[in-house]
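# Working through the structure, step by step
Given next are the chains, with one letter for each unit.
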Amino acid sequence: MKKRFLIWTGVLCAAALLVGCMFGIPPAVLNYKYAVSYPKKYNVTKETFDSEDVNRIHFLNTGSSDAILIESDGHFAMVDCGEDSDNPRGLPDLELQGYEQEVLKYLKAHAAGEDGKVVLDFVVGTHAHSDHIGGFDTIISDDDILVKKAYLKPYDSSKIIDYEVEEWDNQEVYDQMVNALIAEGAEIISDIPENEFTFGAFTCKFYNGEIYSGDKKRGENENSLGLLLSCNGSRAFLAGDINNIDGTEEAIGKDIGKVELLKFGHHGYDESTSTAFVEALMPDIGILTNKSLFYSLNSQSKKDVVRISETAVYSTGENNGIIANFTDEGIVLTNNIMQ
């Protein structure tokens, strides 16, 4: 029995090494405990993270869902808020693990002022799926959280495919977020701006912000917002659940251009991260908001991020959350951020 155990252990270790090599990631990235950097010539220093003028993106570990905190010059904003525990329709398939309390705990530990209050200058609900906006009603309603405004496109179920309308809780999580915002007096911006705007040291720009008016029903992922962030000469694109079913990635890719970091669309699943998108963005760093590399990145994406862009890919699940620090020398990553 012990011999078999050792043999299987060796096989699994070899498999892990092979996966690391496939993605161009140092094997140690699968289980490292401290800060890592990319490119490797950059070193993490204590001053990088203790200074008051830090500019960084926190990718929280919320399973296979998105919860992203943006920090700049002492100000904070959020893009999506993770899966929730609610099941308003009582459907068996919607009995999912929620992360509201983990997100709330992280905000109060890392974004609170001296008075214990967390001020979010803005929040973004990329689209009306529970794994992206489900947790917002809990966060917005908390007595220690103040949300000033929210970027949220209107949800129109008449434009959404029947399966989602019948089997998912898009309408419910959208209504919960809107009602929480109204109750707290936050401004709701449904007409998404096309022009760049600033947030601390970041320059920001939304993509796929237009409201769909076509006759053909489609999935809510096709309505997902994307957000481009630029700071200290580095650029990151947070793709939400944008895909290329209707050509969205091809349409926006050329305009976005080269980025240093890409938060993969739709957790790396099929129909996102097309070849054209990889060729347009050529990311150095790829962040997967998913449990593991094994759960995500469809086969074509796996080929393209290695063959075309040689992207170093990291999953939030395997790394227990990741911070991308925008320094003068480039983007430096820190893992294991959720304790």
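Structure report, in brief. None of these values were measured; they are calculated from a predicted model.

### Brief notes about the environment of Ser-301
Tracing the chain through its elements places Ser-301 in helix 10 (residues 299-307). Through-space distance from the C-alpha of Ser-301 to that of Phe-264 is 9.9 Å; in sequence the pair is 37 residues apart. In this structure Ser-301 touches Ser-272 and Thr-273, once residues within four positions along its chain are discounted.

### Considering the nonpolar core
Judged by nonpolar contacts, the single largest core of 35 residues is most densely connected at Leu-69, Met-78 and Leu-120. Put simply, the parts of the chain that give this core at least two residues each are strand 3 (67-72), strand 4 (75-81), helix 3 (100-110), strand 5 (118-125), helix 5 (136-141), strand 6 (145-147), strand 7 (149-152) and helix 7 (170-184). A per-element tally of this core places helix 7 first, with six residues. Formed by 32 residues, the second largest nonpolar core is a distinct cluster that contains Cys-204, Leu-229, Ile-285 and Ile-331.

### Let's talk about a negative patch on the surface
Together, Asp-53, Asp-73, Asp-328 and Glu-329 line one region of the surface with negative charge. Along the chain, the position of Asp-328 falls in the loop between strand 16 (322-327) and strand 17 (330-335). On the accessibility criterion, Asp-328 (67% relative accessible area) is exposed.

### So, the packing of aromatic side chains
The geometry of an aromatic ring pair comes down to the distance between the two centres and the angle between the two planes. If you walk through the whole model with that rule in mind, you get eleven aromatic pairs. Consider the rings of Phe-122 and Phe-199, whose centres lie 5.3 Å apart with planes at 75 degrees: the pair is edge-to-face. Of this pair, Phe-122 sits in strand 5 while Phe-199 sits in strand 9 (residues 197-199), and the two are 77 residues apart along the sequence. You can call Phe-122 buried: its relative accessible area is 3%. A residue is classified by how much of its surface remains accessible, and Phe-199, at 4% relative accessible area, is buried. For the ring pair Phe-202 and Phe-326, a centre distance of 5.2 Å and an interplane angle of 80 degrees mean the geometry is edge-to-face. You can see Phe-202 sitting in strand 10 (residues 202-207) and its partner Phe-326 sitting in strand 16, a full 124 residues away along the chain. Residue class for Phe-202 comes out buried when judged on its relative accessible area of 0%. Classification of Phe-326 by relative accessible area gives buried; the value is 4%. Of the aromatic side chains, those joined through ring pairs into one cluster are Phe-122, Tyr-151, Phe-197, Phe-199 and Phe-206.

### A short note on helix 3
Along helix 3, the positions that sit buried rather than exposed are Glu-100, Val-103, Leu-104, Tyr-106 and Leu-107. Taken around the axis of helix 3, the buried residues stretch over an arc of 160 degrees, which confines them to a single face. For helix 3, exposure combined with an orientation more than 90 degrees from the buried face picks out Gln-101, Lys-105 and Ala-109.

### Looking at helix 7
Given a rise of 1.5 Å per residue, 15 residues ought to cover 21 Å, and the 22 Å separating the end C-alpha atoms of helix 7 matches this to within 8%. Buried within helix 7 are the following residues: Asn-170, Val-173, Tyr-174, Met-177, Val-178, Ala-180 and Leu-181. Viewed end-on, helix 7 has its buried residues packed into an arc of 160 degrees, placing them on one side of the element. Residues of helix 7 that are exposed and point over 90 degrees away from its buried face: Ile-182 and Ala-183.

### A closer look at the pattern of salt bridges
This structure, assessed with the given rule, holds eleven salt bridges. In this structure, the salt-bridge partner of Asp-255 is Lys-205, at a minimum N-O distance of 3.5 Å. Within this pair, whereas Asp-255 is found in helix 8 (residues 248-256), its partner Lys-205 is found in strand 10, the two being separated by 50 residues in sequence. According to the relative accessible area criterion, Asp-255 is partly exposed, its value standing at 47%. When the shortest N-O distance is used, the salt bridge between Asp-246 and Arg-218 registers 2.5 Å. Separated by 28 residues along the polypeptide, Asp-246 in the loop between strand 12 (234-238) and helix 8 and Arg-218 in the loop between strand 10 and strand 11 (226-231) bring together distant segments of the chain. A single salt-bridge network, built from bridges that share partners, covers Lys-108, Lys-117, Asp-142 and Asp-144.

Rules of the game
Residues numbered from 1 in each chain as written. Predicted model: local features only at pLDDT ≥ 70, side-chain atom pairs only at ≥ 80, totals over all residues. Heavy atoms only, no water. Helix = DSSP H or I, 4+ residues; strand = E, 2+ residues; numbered from the N terminus. Contact = heavy atoms within 4.5 Å. Core = buried A, V, L, I, M, F, W, Y, C linked by side-chain atoms within 4.5 Å. Buried < 20%, exposed > 50% of the residue type's maximum accessible area, 1.4 Å probe, protein only. Patch = residues over 30% accessible without salt bridge, like charges linked within 9 Å, V, L, I, M, F, W, Y side chains within 5 Å. Areas by Shrake-Rupley, 256 points an atom, 1.4 Å probe, with all protein chains shown as cover. Salt bridge = Lys/Arg side-chain N within 4 Å of Asp/Glu carboxyl O. Lys, Arg positive; Asp, Glu negative; His and termini not counted. Charge placed at Lys NZ, Arg CZ, Asp CG, Glu CD. Phe/Tyr/Trp six-rings, centres within 6.5 Å; stacked < 30°, edge-to-face > 60°. Arc of directions from axis to C-beta. Expected span 1.5 Å × (residues − 1).

Purely geometric stuff here, so don't read any function into it on its own.
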